[in-house]
There are 2 protein chains.
Amino acid sequence: MGAVRRRLTRSGLSGLLVTHLPDLRYLSGFTGSSAALVVTRRSARLFTDGRYTAQAAEEVKASSVEIVSGGPAPAAVQWLAAQVGVEFAGFDPAWTTVAELARWKQALPARLRRNFLTPIAAPLVETLRLVKDEDELRIMADAALMGCRLFDHMLGFLRPGLMENEVAAELEHQARLQGAQGMSFDTIVASGIRSSLPHGRATTARLPRRGFLTLDFGIIHDGYCSDMTRTVYFGTPKPKERRAYQSVLEAQEAAVAAVSAGVSCGDVDEAARSVLRNAGLGDAFTHSTGHGVGLEIHEAPRLGAGQTSRLQAGMVVTIEPGVYLAGEFGIRIEDMVAVTRDGGWVLTPTPKALIEL
Amino acid sequence: MGAVRRRLTRSGLSGLLVTHLPDLRYLSGFTGSSAALVVTRRSARLFTDGRYTAQAAEEVKASSVEIVSGGPAPAAVQWLAAQVGVEFAGFDPAWTTVAELARWKQALPARLRRNFLTPIAAPLVETLRLVKDEDELRIMADAALMGCRLFDHMLGFLRPGLMENEVAAELEHQARLQGAQGMSFDTIVASGIRSSLPHGRATTARLPRRGFLTLDFGIIHDGYCSDMTRTVYFGTPKPKERRAYQSVLEAQEAAVAAVSAGVSCGDVDEAARSVLRNAGLGDAFTHSTGHGVGLEIHEAPRLGAGQTSRLQAGMVVTIEPGVYLAGEFGIRIEDMVAVTRDGGWVLTPTPKALIEL
């Protein structure tokens, strides 16, 4: 809460309304699905409904709790407006619909409707969330290792002729059995020619006797997301396929090696991209090198071409270059990497040399 | 598209911008994750990015397609503003963030920024979606039956001592194997005392030797959601538990019997609520009787106390009363029901008499 208050003061705001649930969880500890949190320079108060009375009492630290019968956000806005010294309250326009804002304004006295609620110019809580503390890093390392164990399990399960759907089902089943709260996104199982689709969700297509299989998946553990990708081969790869895999692997390792606090995101991207460009595969690498991950599967920063923002120690990012040759094949290799002061700590230590099944 | 155009005309709008993906899919057939659709009185155009070139060509009917390199929505807004005769374009404030609206306005010539984009007063496409046509009803009936088969399978799987997580894992695994695209919401597995939580997601708690188990789950089939709940008992129920189950069952059947085109949603709710009130369980029924379902798991109408909107033939709604006695137990029984001209067609024919396992 201290960090938020410092940022509030710097923005000239005397209060902040937080409704985006990952932001709210980050600040208050509350994991329910309906709540609004207000933070002023002096106090913090969480508003939720009667379903969550017990849960809020158990989870919420560093904030008082009020149970309301209408919507939590209008009640929060009214409370903010009644606080002495709160003249302008910020809200995050990226997580507020036009209809919500209209409802909140209706909850205010007429004289405050025009100016009291102010869209913040840049994400405030999300920016804090990018840098993980030790507790968060430990949870994320556990989440990533759970992913690695799942991949190991899948190596014993995969065989030609299985449907992609069956592969996803087995993976998700094992994730549940190992205690995952859920998957952090729709599992990608893309085999044969379908591996050339960067986001090929599992279908009824069957794993080929010969060809690539890309598995891109993540679990949710204690609220935090994991994310990893490995591409394996059924049978013996053709020379072109083997060369392409080797290029992606080199690109991925170059980008991992480039990770360090203070390095620009564009430079990490370029580390991967230049390897693929030199291998004649620059055009086949059609997306960014990676993204931040945490309570949400996609967080800032984006590790893309030309991005000038700099990595900070404690960020967790994915490094996931790939090549996609339409009608032929695709390959992607992805690790989660925690940024440290002088490098990166790979949270997904599963080997990356090409596995031939 | 014809129905949307009639509504556009009635609202005095010459164009509509659609960005909410279920609405967009409903109107155009497009199932990708990034697109904007504009509808004018004369034409319709879908904007998406290069990842979806092939998919859009295959899926989109009754609309032209334009592939753009920036965001689809700003391009759509610019195109709308350039159409002869389009003076005001509507957008849905419930599905547009304050930040998005600001970006869209920036894409417009300065003279149009203030007035060109107009929030629509009531959901326009969502209202059309509530009444399903024959094709949609067939898909939803298939989805509901897939749910019923899953429940049958689970009856052979359930036994005391299993973790709730294992139950969810088996259910979701079987759903995948049967060809479901995914689950329509986080599977609820609430056993023993936890059954008194209306929305108890699966945990590591173990199924009791004696007590209730509530299973509330749904799958996605061809884009449409299913939703059903059954509550079973391990061992022999105590008289109080048996009576409560019987009351919920009677309430559920009374509400199903009340479903018919022209009946108000509040009256359907009251049909269930009065049974539970008469049984002394009125306070234990803490939520609405049901909700619409379709491309989204929660759609209008809401079947709650005092709701005056009326059911229409072709709507699909859930009927799901429950009772929750904190620290003791909970029971919920839920069917999906398609509204017909003179009654309701139960899409989930799984028996509802209390099953003792």
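Here, every reference points to the structure presented above.
The structure presented is a predicted model; accordingly, all values stated were derived computationally and were not measured.

Now, about the packing of helix α7 (residues 134-155) of chain B against helix α8 (residues 164-177) of chain B: what can you tell me, with residues and values included?
Residue and element names in this part refer to chain B. The interhelical angle for the contact between α7 and α8, taken along N-to-C directions, is 135°, at an axis separation of 10 Å. On the basis of their axis angle, the class for α7 and α8 is oblique. Regarding α7 and α8, the two cross each other, and that crossing is right-handed. Across from Leu150, His153 and Met154 in α7, the residues of α8 making contact are Val167, Glu170, Leu171, Gln174 and Ala175. A per-class count over the contact of α7 with α8 returns 5 nonpolar, 2 polar and 1 charged.

Run through the sheet that holds strand β7 (residues 182-183) of chain A, naming residues and quoting values.
Residues and elements named next belong to chain A. On the basis of which strands lie adjacent, the open sheet formed by 3 strands has the order β7-β10-β11 and antiparallel pairing. The strands lining the two open edges of the sheet, one partner per strand, are β7 and β11 (224-225). With 2 bridges joining them, β7 and strand β10 (residues 219-221) adopt antiparallel strand pairing. The residue of β10 that forms the bridge with Gly182 is Ile220. Packed on one face of the sheet, helix α7 (residues 134-155) meets β10 and β11 and runs near 140° to β10.

Before we move on, can you summarise the interface of chain B and chain A with the specific residues and values?
At the junction of the two partners, chain B supplies 20 residues and chain A supplies 20 residues. In total, chain B and chain A occlude about 1,700 Å² of area from one another, counting both sides; carbon and sulfur atoms represent 61% of this. Among the residues of chain B in contact with chain A, B:Val98, B:His173 and B:Arg176 are the three that bury the most area, contributing 35% of the side total. The closest approach of N and O atoms between B:Arg176 and A:Glu172, which form a salt bridge, is 2.9 Å. Counting across the chain B and chain A interface gives 8 residue pairs in polar contact (both at pLDDT 80 or more). When residues of the side of chain B that touches chain A are assigned to their parent elements, the largest contribution, 9 residues, is made by α8(B).

What counts and what doesn't
Residues numbered from 1 in each chain as written. Chains lettered and ligands numbered in written order. Predicted model: local features only at pLDDT ≥ 70, side-chain atom pairs only at ≥ 80, totals over all residues. Heavy atoms only, no water. Axes fitted to C-alpha atoms, helices over the stretch in contact; angles between N-to-C directions. Helix = DSSP H or I, 4+ residues; strand = E, 2+ residues; numbered from the N terminus. Parallel < 35°, antiparallel > 145°, perpendicular 65-115°, else oblique. Left-handed = near helix turned anticlockwise from the far one by under 90°. Contact = heavy atoms within 4.5 Å. Nonpolar A, V, L, I, M, F, W, Y, C, P; charged D, E, K, R; others polar. Pairing = 2+ DSSP bridges. Buried area = accessible area lost by both parts, 1.4 Å probe. Salt bridge = Lys/Arg side-chain N within 4 Å of Asp/Glu carboxyl O. Polar contact = N/O pair within 3.5 Å; in protein donor to acceptor, adjacent residues only side chain to side chain.

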